[in-house]
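# An overview of the molecular structure
Residues per chain are reported as follows:
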Amino acid sequence: VSQQVLEQVLSELQPLCTSEQQFLQEFFWLSCNSVDLKALEVRVSIMSPPGPLPSLAHPWEATTQLLSEIFSCLEPELRAFLDVCNKVHPLGCLQVLVTLSDSVFGTWGSSSAPPSSFLHALLGNVLLLAKSNFNKCIGTLCKEIEEAKTPSRMRGGILPCVSHFQEFVALSEEVFQTSQHRGELDKAQLRLASSVFSSINSLSSANLKVNTEMVMMENFHHIHNFLRQKNIPCLEGKKREAKQRSKEHMEKYITTYPGQPLERLKHFFEGVKARLAQGVKEEEVSFQLAYSKQELRKVIEKYPGKEVKRALETLYRTLHKYLSPEKNLLPVVWQAMEQEFIRQYREFEDLIQRCYAAAGIALDFTMEDLLSYFNSVTMSN
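What counts, and where the lines are drawn
Residues numbered from 1 in each chain as written. Predicted model: local features only at pLDDT ≥ 70, side-chain atom pairs only at ≥ 80, totals over all residues. Heavy atoms only, no water. Helix = DSSP H or I, 4+ residues; strand = E, 2+ residues; numbered from the N terminus. Buried < 20%, exposed > 50% of the residue type's maximum accessible area, 1.4 Å probe, protein only. Contact = heavy atoms within 4.5 Å. Areas by Shrake-Rupley, 256 points an atom, 1.4 Å probe, with all protein chains shown as cover. Salt bridge = Lys/Arg side-chain N within 4 Å of Asp/Glu carboxyl O. Polar contact = N/O pair within 3.5 Å; in protein donor to acceptor, adjacent residues only side chain to side chain. Core = buried A, V, L, I, M, F, W, Y, C linked by side-chain atoms within 4.5 Å.

### Regarding the overall build of the chain
On a plain count of helices and strands, the chain comes out with 15 helices and zero strands. In the chain, buried positions account for 44% of the 381 residues. Of the contacts formed within the chain by residues at least 6 apart in sequence, a portion of 73% connects residues at least 24 apart. For the chain, the computed accessible surface area is about 20,500 Å², with 52% contributed by carbon and sulfur atoms.

Below, the structure is given as structure tokens:
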């Protein structure tokens, strides 16, 4: 509504100010280079209140002086209207900025003021105020995002700051869709994106009731998907960064996820790798008490094929429960999980062959079994 009112005001002001300017220039000979400045000052004094007159060194100064007197209340009223717009709607400054920018730079219909007009200069001053109001609004939003506390009962999902950023971008793109002057908006969107990224990063020190890596992964994934759909040039760098950050946190989430189906096997072979790194020979590892053939058999017995499959089913249900219903996020995470389990399986087999070759020890399930377990879980869900 405020935008429509401002557009109507400008559409009515433009012909009024233009005709008044033309009249003054013709009546007082202000468009003539050979004007007699003394006579001009006499004519100006007729239109001006008592008091000293400015030195009129140029016809344009005289025109501006006259119009400033005639329309003395115009700029204060426009400034007051901008204040009203800001109070009516927190983001009303968006629409005001677009309307004034397009009017001043000559891309807003028939109400665009000519560059040499009094109205153009006046609107330029008001535009500076509109930009200042807009930047203050963005600064406040950034501060709110960076200082927002993580919900104490948060169990996953999209963070409020991410939702607010998405809402702002969607609204601002709609408001600016026909504008050719995006400079201020581009800077604002980049500022907000940086604040959101900073807010997500701060989760690493938050005391969440869910896996922090999971929350960070899905929020960066959400931002990447959103920016990919919007295709905003100034945010291309942030889109790539969001994709990379999502990938990094997914890798950490997958490799550190508590309760993984092969957790004890993983822990056992991490110990084996540590001994090898310390210089223990491969053929001597099995003589280490904690990593003997007997201990390995005990661990392997904990992971018969049917138990691994059941554990994978439980893992999938857990992911489905806690991951937000993001488009394609669950399949992406599940596929990454499968690749990680395949990597682990190959690593386990390699270490068994290297350190326990003569013991005839093998895992209870094969690579083909593992693939069939994942395929079964995927098909049943």
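### Topic: the pattern of salt bridges
Scanning the model with the defined rule gives 14 salt bridges in all. Residues Glu-236 and Lys-239 are paired through a salt bridge, measuring 3.2 Å at the closest nitrogen-oxygen approach. Of this pair, Glu-236 and Lys-239 both sit in helix H10 (residues 236-256), separated by three residues, roughly a single helical turn. Exposure remark for Lys-239: the relative accessible area of 15% places this residue in the buried category.

### Quick look at the side chain of Ser-101
If you trace the backbone, Ser-101 turns up in helix H5 (residues 92-104). Only 2.7 Å separates the side chain of Ser-101 from the backbone oxygen of Leu-97, close enough to count as a polar contact. Filtering out sequence-adjacent residues up to four positions away, Ser-101 remains in contact with Leu-127 and His-181.

### Observations regarding the nonpolar core
Leu-100, Val-272, Met-337 and Tyr-356 are the most contacted members of the largest nonpolar core, which has 104 residues in total. In this structure Tyr-356 touches Phe-268, Val-272, Val-285, Ser-286, Tyr-291, Ser-292, Lys-293, Leu-296, Leu-351 and Ile-361, once residues within four positions along its chain are discounted.

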